[in-house]
Amino acid sequence: MNKSAKQTIALASIFQSSALVHQLAISGECDSHTNKASLNSIVSSSDSIDEIFTSPEDLKTGFDSLKLILEKKTIEMHNVMVYATALINLEKKLMKKPNLLNQISEEITLINKQEFFDVYHSNSIARLAELYKNTLGSLNPTIMVRGEQIYLSNQHTANHIRALLLAGIRAVSLWKTQGGKTWHLLFGKKKTLQHLNSLAS
């Protein structure tokens, strides 16, 4: 797999986290399989995008969302695009805070050592949410998630959203490792769509 294809996979993982956050915010639920894949990416020790996401099914939500945005820019994708852009900007700020990076790394190491909960168990999600809140939540501007108040005010849903935002930051980091740059979103649409069509099939 060439670097450009790996970039597309990493970009799709950013949009997957963003789309799952949007799903939770408006319905209190999100796609189960891709949710697990995104949460697992946080605690994966690998930095290889094709080892973290081993099947096209792992990124179906991301592929679908990114394709919709590149082809049509539908109104329903507006919030997803806003979250993805905010994650890219937030990761840039995080890179300038080595103390926060260390804090995140240490906590994820501890989470990996716990054998009694999967990463998508509510206890693990709460722990990841707390980590997001104590680190990335302290950076301005914070990511404002829009949706139905009944879901946003639910503690478990709020935790889940924060955990997926952390997965989004991990995705941005992977994307940049593959040479991803913001201008690719504007000027590399045709090539990205070609990769999406071949990767998702």
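Small disclaimer: the values here were computed from a predicted structure and weren't measured. (Residues numbered from 1 in each chain as written. Predicted model: local features only at pLDDT ≥ 70, side-chain atom pairs only at ≥ 80, totals over all residues. Heavy atoms only, no water.)

S.K.: Just to check I follow, could you spell out unusual backbone geometry for this structure?
M.R.: Each neighbour pair has its own omega, and for Asn 140 with Pro 141 the value is -5°, a cis peptide bond. Here Pro 141 is to be found in the loop between helix H7 (122–134) and helix H8 (149–152). (Helix = DSSP H or I, 4+ residues; strand = E, 2+ residues; numbered from the N terminus.)

S.K.: Explain the packing of helix H6 (residues 98–113) against H7 to me, please; I cannot follow it from the model alone.
M.R.: Each pair of packed helices gets described by two things: the angle between the helix axes and the distance between those axes. Taken N-terminus to C-terminus, the directions of H6 and H7 make an angle of 170°; their axes are 10 Å apart at the nearest point. Considering the angle they form, H6 stands roughly antiparallel to H7. Contacts between H6 and H7 involve Leu 100, Gln 103, Ile 104, Glu 107, Ile 108, Leu 110 and Ile 111 from the first element and Arg 127, Leu 128, Leu 131 and Asn 134 from the second. Of the residues that constitute the contact of H6 with H7, the class distribution is seven nonpolar, two polar and two charged. (Axes fitted to C-alpha atoms, helices over the stretch in contact; angles between N-to-C directions. Parallel < 35°, antiparallel > 145°, perpendicular 65-115°, else oblique. Contact = heavy atoms within 4.5 Å. Nonpolar A, V, L, I, M, F, W, Y, C, P; charged D, E, K, R; others polar.)

S.K.: Looking at this model, I keep getting lost on the nonpolar core. Mind explaining?
M.R.: Note that soluble globular proteins tend to have their nonpolar side chains buried in a common cluster. Ile 14 and Leu 136 are the most contacted members of the largest nonpolar core, which totals 58 residues. With near-sequence residues (within four places) excluded, Leu 136 lies in contact with Leu 90, Leu 94, Ile 104, Leu 131, Leu 166 and Ile 169. (Core = buried A, V, L, I, M, F, W, Y, C linked by side-chain atoms within 4.5 Å. Buried < 20%, exposed > 50% of the residue type's maximum accessible area, 1.4 Å probe, protein only.)

S.K.: Hey, could you run me through the environment of Lys 189 in this one?
M.R.: Relative to the helices and strands, Lys 189 is located in helix H11 (residues 189–200). Classification of Lys 189 as partly exposed rests on a relative accessible area of 29%.

S.K.: How should the pattern of salt bridges be read in this particular structure?
M.R.: Once their charged atoms are close, side chains differing in charge can pair, the charge on each being opposite to the other. Evaluated as defined, the whole model comprises four salt bridges. Put simply, Arg 170 and Asp 47 hold a salt bridge, and the shortest N to O gap is 3.2 Å. Of this pair, Arg 170 sits in helix H9 (residues 155–177) while Asp 47 is found in the loop between helix H2 (32–43) and helix H3 (49–52), placing the two residues 123 residues apart along the sequence. For Asp 47, a relative accessible area of 52% corresponds to the exposed category. (Salt bridge = Lys/Arg side-chain N within 4 Å of Asp/Glu carboxyl O.)

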